[in-house]
Amino acid sequence: MCGIVGYIGDSNVEKVLMQGLDSLKYRGYDSAGVALYDNGNIKVFKAVGKLENLQNKLSALSDDEKRASMGIGHIRWATHGSATEVNAHPHLSMDGNIAIVHNGIIENYKELKGELEAKGYVFKSQTDTEVVAYLIGDEYKKVGNLKVAVQHIIPRLKGAYALCIMCKDEGGKIVVVRKNAPLVIGIGNGENIVASDIPAIISTTSNIVYLNDDEVAVVKKDSVEIEDLNGNKIPLNIQKMSIEMDAISKMGYKHYMLKEIYEQPNIVRNLLCGRITNVNTPISLDEVKISRDALKQLSRVQIIACGTSLHAGQIGRYLIEDLVGVATEVEPASEYIYRKNTTDKNSLVIAISQSGETADTITAVRQAREKGAYIIVITNRPDSNITRYADSILNVNAGIEVSVAATKSYTAQLLTLYLFAIYFAEVKGVSLDRLPSIKEELVSIPVKMEEVLSSDADIEKKAEALSKYQNFVYIGRGVNLPTAMEGALKLKEISYINANAYPAGELKHGPIALLDENMPVVSVLIPGHISYDKTISNCEEARARGAKLITITSSDDKELEKLFDVIIRIPVVSDMLSPLLAVIPFQLLAYHISNFLGKDVDQPRNLAKSVTVE
Ligand code: M6R
């Protein structure tokens, strides 16, 4: 959600900014803009909609018109005020001396705006960001120094911010500051770059500095200096970035989503590496820092997450309750934070977030921490905000996920939850007779995932036939109810087709009224568990109402062909581990349907990769 880039150096500033913004598009946006500094002038260009619209505007300019020695750029996902050019960033102070771009939300902007209006300031936009630009402009008039003006106004801001600021009167420097919103500085050779996320930096340098909350950095062409708000110097901690260019390239796939679906077997393979050495040896999970004694004493687990991560958490609940026998609740973070919950110092809270920037999940973790709970964060971004509140961080190591629809991060979260549940059971000394076979089967999962992927061409054909339907019902039971929910979410997100998931047994309690020949029912059927026969019965009930039946199954029973119109077979797998395989056909179905319908697979409308507002 929103993206920031700032660049100072001898390369073509406009190009570096636009490339940087292009690499951040995946986060979701609905307008874009850049401010170019040239010889005491700041020129601002903005456009609503796709980045191409801004690019077209810039391409129509002469080289002279877009000459610049530094610049800042932004993609905006509208929060305060709709997606218009006036609301798009960069914003200027009223006298035009200061230009800023901002990620995050200033919670007290109305109060600050009122104060400035009382002084005679007139605002052009509806944004909270313009208020910050005016505030810095106002302070700059008093102190005549950009860095000091920023240091003075930061304590007045409530909320989250990553700010990138230029001043007409102070060429040769970009001032940046952050709090609860990501911002990274890339240290180049005779050039420096700042951005809200690493993909925007990767083609300039692999040396990076993470800025901490309320540290103010003055970024010049040949230097970066950091101070706290009181002017105390902070040493630069330059780190080598581990992410390769491949991570943010499509590698020949038509879309990032397809590439990311195909990455899953290797991600799982890598995650398993070194964890399960021998099925009879306890699992190794050194990242879990809670003492074994404390873990043994725990009587309660709460899992908090949003969207796809929530579905992973719901499967986590089955695993922990089944293998460990400890009561586990799962709740959307957006619900948890607004009610009187009973989290306490005896609770283990597991927060799951791919991006680590989801505002609801971060707030939930903060609240749980204040109540004394032990916090485990499962994330794909160990450098993200949420990890600041973690006692233990489990990095799912899926590599940067560019497509808005989460796929590989989901299976990586799942695998991490399997590992954690086994570890927890071993520490507690329970389910010990079952664990060796579960571990053995886990090790076979990557190859089985590859087998599922090898039927992609067949799934694509089936998807084409299914793409004519406007409504779907997804059903599942037990550990695969969340799989059905995830399948329905994937389809909704990227094809805009209405797909609702229900526990299979609930169909007859209401949703069955929806069914007819225009409403296919998609199920998950894994033999070897009582839920198999029960789900078949539910499918028969749907068939009796004329619904077309589709199933994803590990059964090779030919009889199923009499009942189901479409069967997608996956390799033989236990009910417990089946979510790791069953989700892949759901991802592929959603992908191919979206592609057939000509939708924007990687950047679906209205969605952002990381949702940084509550
Ligand atoms: O980064 P997070 O895992 O915290 O994100 C949570 C949801 O916003 C996310 O899973 C969303 O539902 C995805 N678009 C799913 O594909």
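Data block above holds the structure.
Residues numbered from 1 in each chain as written. Predicted model: local features only at pLDDT ≥ 70, side-chain atom pairs only at ≥ 80, totals over all residues. Heavy atoms only, no water.

Draft legend 1. Geometry of unusual backbone geometry. In this structure, Pro90 follows His89 across a cis peptide bond, with omega equal to 0°. For Met251, which is not glycine, the phi dihedral falls at a positive 50°. Looking at the element boundaries, Met251 is found in the loop between strand S15 (239-240) and helix H6 (256-262). Unlike most non-glycine residues, Asn397 shows phi in positive territory, near 50°. Within the fold, Asn397 resides in the loop between strand S20 (392-395) and helix H12 (408-428). (Helix = DSSP H or I, 4+ residues; strand = E, 2+ residues; numbered from the N terminus.)

Draft legend 2. Fine view of the side chain of Lys462. Positionally, Lys462 belongs in helix H14 (residues 456-466). Polar contacts involving the side chain of Lys462 include one to the side chain of Asp458, which spans 2.8 Å. If sequence neighbours within four positions are ignored, Lys462 has contacts with Val566, Ile567 and Ile568. (Polar contact = N/O pair within 3.5 Å; in protein donor to acceptor, adjacent residues only side chain to side chain. Contact = heavy atoms within 4.5 Å.)

Draft legend 3. Structural detail: the sheet that holds strand S9 (residues 184-187). Strand order in the open sheet formed by eight strands is S3-S2-S4-S1-S10-S9-S11-S15, and the pairing between neighbours is antiparallel. Among the strands making up the open sheet, the edge pair consists of strand S3 (41-48) and S15. Looking at chain direction, S9 and strand S10 (residues 191-195) are connected through four bridges and run antiparallel. From the neighbouring strand, Gly186 faces S10, where its bridge partner is Ile193. Here helix H1 (residues 13-24) sits on the sheet and contacts strand S1 (3-9), strand S2 (31-38), strand S4 (70-76) and S10; the angle it forms with S1, its principal contact strand, is near 155°. (Pairing = 2+ DSSP bridges. Axes fitted to C-alpha atoms, helices over the stretch in contact; angles between N-to-C directions.)

Draft legend 4. Examining the environment of Met257 more closely. The residue Met257 is located in helix H6 in this model. Through-space distance from the C-alpha of Met257 to that of Thr363 is 29 Å; in sequence the pair is 106 residues apart. Beyond its immediate sequence surroundings of up to four residues, Met257 is in contact with Ser403, Ala405, Thr407, Lys490, Ile494, Gln587, Tyr591, Val601 and Asp602.

Draft legend 5. Structural view of the site of the ligand. Around the ligand sit 13 residues, and of these Ser309, Ser353, Ser355, Thr358 and Glu493 come closest. Within the contact set of the ligand, an oxygen atom lies 3.1 Å away from a side-chain nitrogen or oxygen of Lys490. One of the side-chain nitrogen or oxygen atoms of Glu493 is found 2.5 Å away from a nitrogen atom of the ligand. Its free accessible area being 410 Å², the ligand has 91% of it covered by the protein chains. Elements that contribute at least two residues to the shell around the ligand include exactly helix H9 (307-324) and helix H15 (481-495). At three residues, H9 tops the list of elements feeding residues into the shell around the ligand. (Near = heavy atom within 4 Å. Areas by Shrake-Rupley, 256 points an atom, 1.4 Å probe, with all protein chains shown as cover.)

Draft legend 6. A look at the packing of H12 against helix H13 (residues 435-453). H13 packs onto H12 with a crossing angle of 165° between their chain directions and a minimal axis gap of 11 Å. As summarised for this structure, H12 and H13 are arranged roughly antiparallel, according to the angle between their axes. Relative to H13, H12 is oriented so that their crossing is left-handed. Residue-level inspection shows Thr411, Leu415, Tyr418, Leu419, Ile422, Ala425 and Glu426 of H12 in contact with H13, the latter providing Leu435, Ile438, Lys439, Leu442 and Met449. Here the contact of H12 with H13 is built from residues that sort into nine nonpolar, one polar and two charged. (Parallel < 35°, antiparallel > 145°, perpendicular 65-115°, else oblique. Left-handed = near helix turned anticlockwise from the far one by under 90°. Nonpolar A, V, L, I, M, F, W, Y, C, P; charged D, E, K, R; others polar.)

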